[in-house]
Amino acid sequence: MTIQDIKSHNHILFESISGSRSFGLATESSDTDIRGVYYIPKEDFYGLHYIPQISNETNDITYYEIGRFVELLQKNNPNILEVLASPEDCIQHKNPLMDLLKPEDFLSKLCKDTFAGYAISQIKKAKGLNKKILNPIDKERKSILDFCYILQNQGSIPLKKWLSENGKVQEKCGLVSIDNTKGMFALFYNEPGDLNYKGIIQNEEANQVSVSSVPKGENSVAYLFCNLDAYSTYCKDYREYWKWVSERNEDRYNVNQNHGQNYDSKNMMHTIRLLQSCEQIFKTNSLNIRVENREELLDIKAGNWSYEAVMNKAESLIQSIEHYHSRSTLPDFPDLDKTTKTLVSIREELY
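First, a word on what this report is: a plain description of the structure on this page. Just so it is clear, the structure is predicted and the values come from calculations on it, not from any experiment.

Brief notes about helix H10 (residues 265–284)
Alright, step 1. For H10, built from 20 residues, the straight-helix expectation of 28 Å at 1.5 Å per residue is met to within 8% by its first-to-last C-alpha distance of 28 Å.
Alright, step 2. The buried fraction of H10 amounts to 15 of the 20 residues, a majority that puts the element mostly inside the structure.
Alright, step 3. Just beyond H10, the residue with positive phi is Asn 285, at close to 60 degrees.

Comments concerning the pairing of strand E10 (residues 222–226)
Alright, step 1. The side-chain alternation of E10 yields one buried face, formed by Ala 222, Leu 224 and Cys 226, and one unburied face, formed by Tyr 223 and Phe 225.
Alright, step 2. Examined bridge by bridge, strand E9 (residues 184–189) and E10 share four bridges and lie antiparallel to one another. When the bridges of E10 are listed, Met 184 appears paired with Phe 225.

What about the sheet that holds strand E6 (residues 148–152)?
Alright, step 1. Read from one edge of the open sheet, five strands run E7-E6-E10-E9-E8, paired in antiparallel fashion. Two strands in the sheet have a free side with no partner beyond their single neighbour: strand E7 (155–158) and strand E8 (173–177). The mean angle between the axes of side-by-side strands here comes to 40 degrees, regardless of whether they run parallel or antiparallel.
Alright, step 2. Bridge analysis of E8 against E9 gives five bridges, and the strand direction is antiparallel. Residue pairing across strands places Val 176 opposite Ala 186, the latter belonging to E9.

A few points about the packing of aromatic side chains
Alright, step 1. Tallied over the full model, the rule gives nine aromatic pairs.
Alright, step 2. On the basis of an interplanar angle of 50 degrees and a centroid distance of 5.5 Å, the ring pair of Phe 45 and Tyr 46 is categorised as tilted.
Alright, step 3. Ring plane angle 40 degrees and centroid distance 6.1 Å describe the contact between Phe 45 and Tyr 351, whose orientation is recorded as tilted. Of this pair, Phe 45 sits in helix H3 (residues 42–46) while Tyr 351 sits in the segment after helix H13 (336–350), and the two are 306 residues apart along the sequence.

Rules and cut-offs
- Residue positions are counted from 1 within each chain, in the order its sequence is given.
- Owing to the predicted nature of the model, reporting of local features is limited to residues with pLDDT of at least 70; listing and counting of side-chain atom pairs is limited to 80 or more, with chain, interface and lining totals taken over all residues.
- The basis for every side-chain value is the complete set of non-hydrogen atoms in the structure, without hydrogens or water.
- Numbered from the N terminus, helices here are DSSP runs of H or I no shorter than four residues, and strands are runs of E no shorter than two.
- Helix span is expected to be 1.5 Å times the residue number reduced by one.
- Throughout this description, buried means an accessible area under 20% of the type-specific maximum (1.4 Å probe, protein chains only), exposed means over 50%, and partly exposed covers the range between.
- Each pair of strands is called paired provided DSSP finds at least two bridges between the two strands.
- Where helices are involved, their axes are fitted lines through C-alpha atoms of the stretch in contact, as for all axes, and angles between N-to-C directions lie from 0 to 180°.
- The aromatic pairing rule takes the rings of Phe, Tyr and Trp, using the six-membered ring of Trp, and pairs them if the centres are within 6.5 Å, calling planes under 30 degrees apart stacked, those over 60 edge-to-face and the rest tilted.

Structural measurements only, silent on function.
Dropping the structure here:
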């Protein structure tokens, strides 16, 4: 089943322009997203061909089967509640049966988890992005040797520096663990080259140092400390950073680089908008998705706010949400029986 199929068979129940245009945040470069609701034929609903959602290749156009739509409304899914609350000037088609689905029958205290919870996850993501932008990691990967140090006097020096200054190579070194310590080793050096030491590492990809069998009577030339915890953290950060580089949207990243605020400004604009919607739900027991602070939000999108200012705005909204949520008269959860009966009534009328 395709979008063309549900249109040609007149199975569309609701269709609306969504996203930035419905929020009142569209600019000249904004895309036009479409969201809607359809129903599948009776035989498919009773049979084995239930299709809950249909989208085009770019996901700018998405339709939800009426059952899936109601299920997501019952879960207080922000995107779906916003579709139901579409402004009249954005609605392109509406079957009268859709009037049976009223936002007030679905709004509940659960919105704190769905609206604010999602927004908070985006804030954490923004903090992670901020960290990545401010702390780029070289493409050339460090080895565990970069996290090894030689104890010297009352301090330490990097192993690589010590090897260079003393004309030694790691391949001729032998390490022996020191009892009752973590990451500490006695270092021996195979000067004549006739001892079978394993070296400090056996290859550049090694994730731990090697220990050797050292004959009795050999004298250590130094003591080495290997910071395995720091190396493990580096490996994790390296993987995450270069995975992010490979997957990021370069056009959007370049916009963020140009305004120099070290966060994804478009994403944070929508995060603030989502928090404001959540605050509104608990203040008014209603949802109006057309924003009243268009210029402020577009200012954030343009990168005219510092990272700290956006974070302070978000924290202030989260505190306000907590305040109004504690006093809200909304039910803890939507009335599943009532809204399910409404769905059944719609299906009965359609079939």
